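Each chain, written out:
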Amino acid sequence: MITQASTCRLITVSSPIFADSSKLAAKASRTIQAAFFAMAFAAVSLSTTALQAAAPEKVAVADLAKGQAIAAAACVACHAADGNSVISIYPILARQHAGYLAKQLHNFKVKPGADGAERANAVMGVFATALSEDDIRNVAAFYAAQAIKPSYSKDKDIIERGQRIYRAGIPSTGVPACAGCHGPNGNGIPAQYPRLSGQHADYTAATLAAFKSGERANSSQMMSIAKGMNEGDMKAVAEYLAGLR
Ligand code: HEC
Ligand code: HEC
């Protein structure tokens with residue numbers, strides 16, 4: 001890398017394009033040098049991360065059997081044993097990204113010194129607070145590993161409007177295309193962007209309303225997006241997503 005950077009500087013300085021302006025040449029060569037150092041640094045830090053990940057004692061591996069036991073004992077009544085809840089106000093957890101599920105369980109808890117949880121929900125506040133760090137990792141990994149039995153659209157009249165919002169956003173109110181972050185098929189991108197496809201429409205619509213009202217305040221991105229949506233928009237996109245595969 002360092003050899004490359006110095007070679008590059010030599011080439012830049014002697015380049016005829018910069019020959020008439022030594023200042024410009026110096027500036028350009030500094031920029032190029034900086035870029036090469038950044039690349040070299042990134043390469044070094046990547047290999048350090050790889051080494052750390054390889055050290056077994058530092059990696060906390062999820063225990064799916066323990067996660068299953070928690071699900072069967074504490075979550076089954078609402079989310080079902082395999083995460084495919086049958087009641088539409090309870091989110092389907094099956095196949096959701098584990099990192100996203102774990103984040104939500106942390107967000108339902110009231111942090112020390114805070115007035116309320118970032119994601120305020122009386123029921124989930126109680127259940128999440130009862131879970132340890134290990135419990136959260138295990139139950140999130142268990143639900144993420146279950147096959148999804150997706151929900152489906154019931155109100156066919158509004159799914160075209162929902163599809164438009166999902167693919168193109170709502171330009172008049174500044175709402176971006178949902179697909180830009182949640183993916184063309186609504187599968188999300190681990191761990192930041194959750195899966196939305198196949199989710200119960202009632203839950204998705206209620207969640208968008210909670211982002212808008214601030215009851216769910218754990219994503220500044222989603223809170224500002226929901227502000228540009230009315231109830232009809234939310235219902236339409238939620239119906240579309242329930243049937244998306
Ligand atoms: C009495 C019903 C009930 C029980 C039992 C329950 N939940 Fe929930 N859960 C809910 C409701 C309602 C929501 C939606 C909350 C909201 O609207 O913010 C939810 C939301 C969630 C979410 C967020 C999902 C998402 O897509 O953002 C996770 C994760 C979750 N629950 C995990 C669990 C786990 C793990 C357990 C067992 C330890 C559990 N829940 C037990 C009712 C329940
Ligand atoms: C700029 C990226 C971005 C765009 C665009 C975006 N989202 Fe999101 N969305 C997120 C992030 C990040 C989260 C996770 C928030 C968290 O960590 O709690 C999320 C979460 C959600 C959730 C909660 C899922 C659950 O299981 O509770 C819903 C519903 C949602 N988005 C719907 C939409 C819809 C509908 C649109 C388009 C109108 C949209 N999003 C556009 C970034 C985005």
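Basis of the calculations
Residues numbered from 1 in each chain as written. Chains lettered and ligands numbered in written order. Predicted model: local features only at pLDDT ≥ 70, side-chain atom pairs only at ≥ 80, totals over all residues. Helix = DSSP H or I, 4+ residues; strand = E, 2+ residues; numbered from the N terminus. Buried ≥ 20, exposed ≤ 12 C-beta atoms within 10 Å, placed from the backbone. Near = placed C-beta within 6 Å. Nonpolar A, V, L, I, M, F, W, Y, C, P; charged D, E, K, R; others polar. Core = buried A, V, L, I, M, F, W, Y, C linked by C-beta atoms within 7 Å. Contact = placed C-beta atoms within 7 Å. Axes fitted to C-alpha atoms, helices over the stretch in contact; angles between N-to-C directions. Parallel < 35°, antiparallel > 145°, perpendicular 65-115°, else oblique. Left-handed = near helix turned anticlockwise from the far one by under 90°.

Take the overall build of the protein chain next. Secondary structure assignment for the protein chain yields 11 helices and zero strands. In sequence order, the secondary structure elements of the protein chain are arranged as α-α-α-α-α-α-α-α-α-α-α. Within the protein chain, buried positions represent 31% of all 245 residues.

With respect to spatial proximity, 22 residues lie near ligand 2, and among them Pro176, Cys178, Cys181, Asn218 and Ser219 are the closest. For the shell around ligand 2, the secondary-structure elements that each account for two or more residues are helix 8 (179–182), helix 9 (201–213) and helix 10 (220–227). Class assignment for the residues of the shell around ligand 2 results in 13 nonpolar, eight polar and one charged.

Right, let's talk about the nonpolar core for a bit. What tends to happen in soluble globular proteins is that the nonpolar side chains get buried as a cluster. The biggest cluster of nonpolar side chains holds 22 residues, and the ones touching the most others in it are Leu101, Leu105, Val139, Ala140 and Tyr143. When residues of this core are traced back to their parent elements, those giving at least two are helix 3 (64–79), helix 4 (98–108) and helix 6 (133–144). Top contributing element to this core by residue count: helix 6, with seven residues. If we ignore the near neighbours within four places in the chain, the residues touching Tyr143 are Ala71, Gly83, Leu93, Ala94, Gln96 and Leu101. Of all hydrophobic cores here, the second largest spans 19 residues; its members include Tyr166, Phe211, Ala226 and Leu241.

Here we take up the site of ligand 1. Near ligand 1 there are 25 residues, and of these Ala74, Cys75, Cys78, Pro91 and Asn121 occur at the shortest range. Broken down by secondary-structure element, the contributors of at least two residues to the shell around ligand 1 are helix 3, helix 4, helix 5 (122–129) and helix 9. Tallying contributions element by element places helix 3 first for the shell around ligand 1, with six residues. In terms of residue class, the shell around ligand 1 is made up of 18 nonpolar, five polar and two charged.

Let's shift gears to the packing of helix 9 against helix 11 (residues 231–243). Between helix 9 and helix 11, the shortest axis-to-axis distance is 8 Å and the interhelical angle comes to 140°. Our classification of the angle between helix 9 and helix 11 gives oblique. For the pair helix 9 and helix 11, the crossing hand works out as right-handed. Residues Ala201, Thr204, Ala205, Leu208 and Ala209 of helix 9 pack against Met234, Lys235, Ala238, Glu239, Leu241 and Ala242 of helix 11. The class makeup of the residues in the contact of helix 9 with helix 11 is eight nonpolar, one polar and two charged.

Following the sequence through the fold, Asn107 ends up in helix 4. Separated by 13 residues in sequence, Asn107 and Ala120 place their C-alpha atoms 8.3 Å apart. If near-sequence neighbours (up to four positions away) are discounted, Asn107 is found in contact with Ala117, Glu118, Arg119 and Asn218.

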